Amino acid sequence: MKRTNRVSLVLVLLALLGVFGLDAVRIQPNRIVAGTGYRLFEALGPVELLAIVLPLCLIAGLALRGSRSGAMVMLVSAVGLLLAAPWGLGAAITTLIEPGNGAARAAIGGGTWLLIFALVLLLVDLRQRLGLGVGGGLLVATAPVASLAMALMQGRLDALGLVREYLGRREAFVDAVVDHLVLVGLAVGASLGIAVLLALLMRRAPRIRQGTLGVLSFVQTIPSLALFGLLLAPLSWLVARYPVLESLGVQGIGLAPALLALVGYSLLPMTRNTYIALESVDEAVIESARGMGMGPLQVFFRVRLVLALPLIIEGVRITSVQAIGLAAVAALIGAGGLGTLIFQGLGQAAMNLVMLGALPIVMMAMLVDALLKALAGALRRGDADD
Amino acid sequence: MIELDGVSRFFGAEVAVDNISLTIPDGSLCVLVGTSGCGKSTTLRMINRLIEHSAGEIRIDGHQIRRFNEEKLRRRIGYAIQNTGLFPHWTVARNIGVVPRLLKWDHAAVDQRVRELMALLGLEFDEFANKYPHQLSGGQAQRVGVARALAADPGILLMDEPFGALDPITRANLQTELLRIQSHIRKTIVFVTHDMDEALRLADHIVVMRAGRIIQQGPPTRILADPADDFVETLVGGRDRGLKRAALTRVGEMMEPADAGAPAAVATVTPDDSMRLAVSLMLWHGVSRLAVVDDTGRRVGTLPLSRLVDDRP
């Protein structure tokens, strides 16, 4: 397997572009002004710069040789760089900001993002080439995160605009995260329940299948903002008509319409996947289950549902990732969540605040995606894997 | 004993099985044979009520099957199908133990039975018990399928083209195995196939079906010797059936006592070999006489070509 690892080579070039070509940090005198950008070699001393560039060159050199032991060294170097990244960033911004200047802050620039992005892709690629298992992958993924958490806890990154925005609204941030998770959790849970019922109904009566999927597809085509808006009027009317709803917390704005809209969007992928999952179970297996003397419920729960589960979870995964993103828009109708921070930030032209809302959404989506993928994979192991 | 009495099955206006009557005595192996769509599978599946019969009566040991609870009936009847229908999410051992567990046998008894059956079917317990179906070859999977069908020691075994998807060599092996197992366990077996050779090889009693009706039934030799019509004659191979009949006859039935003065024969057969093999050996070696020897190589008889053909002038 002595073949030049072209992917890694390109990624190293990308990382070097991040180091030399783009701003690594921007120093802003206050939270709104764009500020001045500094490249990495301007922000760091020569020793620190070498500490970044030399490992990158080492990775590039090993990528040219393309041996397995080389790939291991490459992996370790890339992990090392990622481990050091938060501390280096902290060092750079503390030298650039005059001490005692409470208003000034640093924003992470394109160069740093590019460097981190390239390193992460490098890890993903190397993990695959080395065939690291779940344990190895987890180690490679958690070490840099732990390093970042440690740097944050020690206050090394306090001068970062993102951290400043967070420190200024810790409680609001935690609330937003919790609201976001609750909204997504309720929406996914409710749509899973409804989807299972719909799928069962569709299996019973094929005639309603086309109709159901048609209606659900139609809901998908409504723009999200419009759907949120559309729900305002009927819900307000319902609440006015039946005051008991209001005492349950239902309003024209807020959680109720947001939940309804999210469930509406989630139903199509969820129902379709659940239906197809239940239908695609091998008929020979079902027939033999019946032939063995299992009752209808035993056939369903012990065989059909179990065999359909990986595909159903696939639907949950797609739906959850979609709902995590969509829930941001729900902030516009007062449902809370991380969208609140994004729209506040947009309103105040404070990009760091926008980031404070957006980054957790991206991370949540990636995490849920990875977890559910792993779950589906583990369930499938019994019949598809050795 | 399984009795079908004027049984029909309609799917809407279509008649899948048309007024058939059939008696399958205990311990016999009855093969339903016919082209696809002739109603043989439907007939089989009416016996364990995977398909309900529309008219007539089906009785097991004199009791109408409608009187039984469906699931309880099926747990008393072994069932093996073409694509095995093994549960892909369960190990081999769990697959085999499914019916005993449905019958709430205790854990040790199920385990014991699974081991017995795996031994009976020639599956090494340590090697296969914890494998999943997708890790098995076609032949192994089908053995597991048969073991699963036999798990709760049912009196009746229904087999729906169980060897249909296998290569010829594996199929022949499993046919031999089935005959060997049947000689031990003596179940009442109803076996569906479209392959007349398989039917001739396995059956005590052959039932030829066409368009939902029984065209002819009887022991294999009679079906071969006296096909009821052109359709059955085509099924039994037309002018090829001389060889098919030879395949059903054992050398032991045809041989003459060994005569001491005979010259040493070029080729030998055993009394259990089929006459088909004997004819093949004669053709291959260009001889008109074979020596018949037993397992130890002792000469027990001789088989001259003249025993096969009445050399009428």
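Here the structure is a predicted model, which means the values were calculated and not measured.

**Regarding the overall build of chain B**
Okay, so step 1: Scanning chain B from terminus to terminus reveals 14 helices and 14 strands.
Okay, so step 2: Considering only C-alpha atoms, chain B reaches an extent of 65 × 50 × 35 Å along its principal axes.
Okay, so step 3: Looking at chain B as a whole, 40% of its 313 residues are labelled buried.

**Side note on the overall build of chain A**
Okay, so step 1: When helices and strands are counted, chain A shows 16 helices and three strands.
Okay, so step 2: Burial status across chain A gives 39% buried among its 386 residues.
Okay, so step 3: Within chain A, counting contacts between residues at least 6 apart in sequence, those at least 24 apart form 74% of the total.

**Here's the deal with the domain arrangement of chain B**
Okay, so step 1: According to the domain assignment, chain B consists of domain 1 (2-245) and domain 2 (250-307).
Okay, so step 2: Look at where the C-alpha atoms of domain 1 of chain B and domain 2 of chain B centre, and you get two points 35 Å apart.

**Here we look at the packing of helix H10 (residues 224-241) of chain A against helix H12 (residues 255-279) of chain A**
Residues and elements named next belong to chain A.
Okay, so step 1: Across the interface, H10 lies against H12 with an axial gap of 9 Å and an inter-helix angle of 130°. Put simply, H10 runs oblique to H12. Both H10 and H12 take part in a crossing whose hand is right-handed. Each of Ser224, Leu227, Phe228, Leu231, Leu232 and Leu235 in H10 lies in contact with H12, whose residues at this interface are Ala256, Pro257, Ala258, Leu260, Ala261 and Gly264.
Okay, so step 2: Per-class residue counts for the contact of H10 with H12 are ten nonpolar, two polar and no charged.

**Notes on the environment of B:Ile2**
Okay, so step 1: Tracing the backbone shows B:Ile2 in strand S1 (residues 2-11).
Okay, so step 2: B:Ile2 has contacts with B:Ile24, B:Ile47, B:Ile60, B:Ile156, B:Thr188 and B:Val190, leaving out every residue within four places of it along the chain.

**Some words on the sheet that holds strand S3 (residues 105-108) of chain A**
All names here are of chain A.
Okay, so step 1: Read across the open sheet, the three strands follow the order S2-S1-S3; overall the sheet is antiparallel. Each of the sheet's edge strands pairs with one partner strand only, and the pair in question is strand S2 (36-39) and S3. The sheet shows a mean angle of 30° between the axes of neighbouring strands, taken without regard to direction.
Okay, so step 2: Pairing of strand S1 (residues 23-28) with S3, which is carried by four bridges, proceeds in the antiparallel orientation. Across the sheet, Arg26 pairs through a bridge with Ala107, a residue of S3.

**Quick look at the environment of B:Leu32**
All names here are of chain B.
Okay, so step 1: Structurally, the position occupied by Leu32 is in strand S3 (residues 29-33).
Okay, so step 2: Spatially, the C-alpha atoms of Leu32 and Ala199 are 7.8 Å apart, while their sequence positions differ by 167 residues.
Okay, so step 3: Excluding residues that lie within four positions of it along the chain, Leu32 makes contacts with Lys40, Thr43, Leu44, Val190, Val192, Val207 and Met209.

**Quick word on the nonpolar core**
Okay, so step 1: Residues A:Ala78, A:Leu262 and B:Val31 are the most contacted members of the largest nonpolar core, which totals 169 residues.
Okay, so step 2: Per element, the largest residue contribution to this core is 14 residues, and it comes from H12(A).
Okay, so step 3: In this structure, A:Ala78 is in contact with A:Ile59, A:Leu119, A:Leu122, A:Leu123 and A:Leu126, ignoring residues within four places of it in sequence.
Okay, so step 4: Counting ten residues, the second-largest nonpolar core is a separate cluster that includes B:Met255, B:Met282, B:Leu290 and B:Leu303.

**Points about the domain arrangement of chain A**
Okay, so step 1: Partitioning chain A into structural domains gives domain 1 (6-160) and domain 2 (170-384).
Okay, so step 2: The gap between the C-alpha centroids of domain 1 of chain A and domain 2 of chain A is 36 Å.

**Digging into the environment of B:Val98**
Okay, so step 1: Along the chain, the position of B:Val98 falls in helix H4 (residues 98-102).
Okay, so step 2: The class of B:Val98 is buried, set by 24 C-beta atoms lying within 10 Å.
Okay, so step 3: Remark: the alpha-carbon pair of B:Val98 and B:Phe87, spanning eleven residues in sequence, is separated by 9.7 Å.
Okay, so step 4: Filtering out sequence-adjacent residues up to four positions away, B:Val98 remains in contact with A:Met292 and B:Arg148.

**Looking at the sheet that holds strand S4 (residues 55-60) of chain B**
Okay, so step 1: Ordered by their spatial adjacency, four strands build an open sheet running S2-S1-S4-S5 (chain B), and the pairing between neighbours is antiparallel. Single-partner strands in this sheet number two, and they are strand S2 (14-24) and strand S5 (63-64) of chain B.

**Considering the interface of chain A and chain B**
Okay, so step 1: Each partner contributes to the interface: chain A provides 16 residues, whereas chain B provides 18 residues.
Okay, so step 2: When residues of the side of chain A that touches chain B are traced back to their parent elements, those giving at least two are helix H13 (283-291), helix H14 (296-329) and helix H16 (351-384) of chain A.
Okay, so step 3: For the side of chain A that touches chain B, the element with the most residues is H13(A), which contributes six residues.
Okay, so step 4: For the side of chain A that touches chain B, a count of residues per class yields seven nonpolar, five polar and four charged.

**Topic: unusual backbone geometry**
Backbone geometry follows two general trends: most residues other than glycine have a negative phi, and most peptide bonds adopt the trans configuration.
Residue and element names in this part refer to chain B.
Okay, so step 1: Despite not being glycine, Asp61 shows a phi value in the positive range, around 50°.
Okay, so step 2: Classification of Asp61 by C-beta neighbours within 10 Å gives exposed; the count is 11.
Okay, so step 3: Even without glycine at this site, Glu161 takes up a positive phi of about 40°.
Okay, so step 4: Counting through the fold element by element, Glu161 comes out in the loop between strand S7 (156-160) and helix H8 (168-185).

**What to know about the pairing of strand S14 (residues 299-304) of chain B**
Residues and elements named next belong to chain B.
Okay, so step 1: Strand direction decides the pairing type here: strand S11 (residues 256-257) and S14, joined by two bridges, are antiparallel. Pairing of Glu256 across the sheet is with Thr302, part of S14.
Okay, so step 2: Across five bridges, strand S13 (residues 289-293) lies against S14 in antiparallel orientation. Within S14, the position partnered with Val292 by the bridge is Gly301.
Okay, so step 3: Connecting S13 to the antiparallel partner S14 that follows it, the hairpin turn spans five residues, and Gly297 within it adopts a positive phi of roughly 90°.

Thresholds applied
- Residues numbered from 1 in each chain as written.
- Chains lettered and ligands numbered in written order.
- Predicted model: local features only at pLDDT ≥ 70, side-chain atom pairs only at ≥ 80, totals over all residues.
- Helix = DSSP H or I, 4+ residues; strand = E, 2+ residues; numbered from the N terminus.
- Buried ≥ 20, exposed ≤ 12 C-beta atoms within 10 Å, placed from the backbone.
- Contact = placed C-beta atoms within 7 Å.
- Domains from an automatic or database assignment.
- Axes fitted to C-alpha atoms, helices over the stretch in contact; angles between N-to-C directions.
- Parallel < 35°, antiparallel > 145°, perpendicular 65-115°, else oblique.
- Left-handed = near helix turned anticlockwise from the far one by under 90°.
- Nonpolar A, V, L, I, M, F, W, Y, C, P; charged D, E, K, R; others polar.
- Pairing = 2+ DSSP bridges.
- Core = buried A, V, L, I, M, F, W, Y, C linked by C-beta atoms within 7 Å.

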